[in-house]
Amino acid sequence: DARVTQTPRHKVTEMGQEVTMRCQPILGHNTVFWYRQTMMQGLELLAYFRNRAPLDDSGMPKDRFSAEMPDATLATLKIQPSEPRDSAVYFCASGLVGPPTYEQYFGPGTRLTVT
Amino acid sequence: SQQGEEDPQALSIQEGENATMNCSYKTSINNLQWYRQNSGRGLVHLILIRSNEREKHSGRLRVTLDTSKKSSSLLITASRAADTASYFCAYSGAGSYQLTFGKGTKLSVIP
């Protein structure tokens, strides 16, 4: 049963610290997405990769956030330095996106709390 | 990326009743999808309807799409307590790989 995995599941850190979140997409999927979910803003797309190439990171605060996909089995999202307003649940999703399939498969999320 | 709107924002029904959720969007779309999110979990894909389709069924789910009104509805028939969750519509435009999500409808099914 193929699944998207994310680590860590929970992270509590102090303001100013670096946070790294990791995602292992489903093998064979060509597109990987990073989302952030908060009560106020709902689900926001931060960045996504297609065949490991970054296609769009316009939803991401560039001064502190960075997303990479060093290989087909790992995507990372880094926040440096972290701020309390970054507290949210961060989801990774992957899919074999393109005609005829467009479904995305979500990981369980990383719940980040920045104090 | 929050350009979809669902209504109602919250819905509470008795087990066995039908639940209908609506979604409106503002752009031309390639397809529209519905996802479910249980509390504290990731989203789970439920059903996809393409822009050239008007209705689709999957088990107890029925989705309709009216591209002239830029709207879709999700009907869950014979609801169960296990259907309690938030439901999101999401859509992508022609040539786009990314999804735009609505803010979701929180469904509570009372046993």
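Preceding this paragraph is the structure being described.
Below you will find a few notes about this structure. (Residues numbered from 1 in each chain as written. Chains lettered and ligands numbered in written order. Predicted model: local features only at pLDDT ≥ 70, side-chain atom pairs only at ≥ 80, totals over all residues. Heavy atoms only, no water.)

**Some remarks on the environment of Leu46(B)**
All names here are of chain B. As for its position among the elements, Leu 46 is in strand β5 (residues 43-50). On the basis of relative accessible area, Leu 46 is assigned to the buried category, the value being 18%. Sequence separation between Leu 46 and Gly 102 is 56 residues; the distance between their C-alpha atoms is 15 Å. Filtering out sequence-adjacent residues up to four positions away, Leu 46 remains in contact with Trp 34, Tyr 35, Arg 36, Leu 61, Leu 74 and Tyr 87. (Helix = DSSP H or I, 4+ residues; strand = E, 2+ residues; numbered from the N terminus. Buried < 20%, exposed > 50% of the residue type's maximum accessible area, 1.4 Å probe, protein only. Contact = heavy atoms within 4.5 Å.)

**Focus: the pairing of strand β9 (residues 88-95) of chain A**
Residues and elements named next belong to chain A. The buried count for β9 comes to eight of eight residues, which makes it a mostly enclosed element. Residues of β9 alternate between two faces, with Ala 88, Tyr 90, Cys 92 and Ser 94 on one and Val 89, Phe 91, Ala 93 and Gly 95 on the opposite face, all of them buried. Relative to β9, strand β4 (residues 31-38) runs antiparallel, the two sharing seven bridges. From the neighbouring strand, Val 32 faces β9, where its bridge partner is Ser 94. Bridge count between β9 and strand β11 (residues 110-114): three bridges; the pairing is antiparallel. (Pairing = 2+ DSSP bridges.)

**A word on the interface of chain B and chain A**
Contacts between chain B and chain A engage 21 residues on the former and 23 residues on the latter. Taking both sides of the interface into account, the surface hidden between chain B and chain A amounts to around 1,800 Å²; carbon and sulfur atoms contribute 54%. Counting the surface chain B buries against chain A, the share from its top three residues, Leu43(B), Tyr97(B) and Gln98(B), is 34%. Connecting chain B to chain A are zero salt bridges. Remark: the boundary between chain B and chain A carries four residue pairs in polar contact (both at pLDDT 80 or more). When contributions to the side of chain B that touches chain A are tallied by element, the ones reaching two or more residues are β4 (31-37), β5 and β9 (85-92) of chain B. Classifying every residue of the side of chain B that touches chain A gives seven nonpolar, 11 polar and three charged. (Buried area = accessible area lost by both parts, 1.4 Å probe. Salt bridge = Lys/Arg side-chain N within 4 Å of Asp/Glu carboxyl O. Polar contact = N/O pair within 3.5 Å; in protein donor to acceptor, adjacent residues only side chain to side chain. Nonpolar A, V, L, I, M, F, W, Y, C, P; charged D, E, K, R; others polar.)

**Quick word on the environment of Asp56(A)**
Mapped onto the secondary structure, Asp56(A) falls in strand β6 (residues 53-56). Asp56(A) gets classed as partly exposed once you look at its relative accessible area, which sits at 22%. Separated by 10 residues in sequence, Asp56(A) and Leu46(A) have C-alpha atoms that sit 8.2 Å apart. Setting aside residues up to four positions removed in sequence, Asp56(A) forms contacts with Leu46(A), Ala47(A), Tyr48(A) and Gln98(B).

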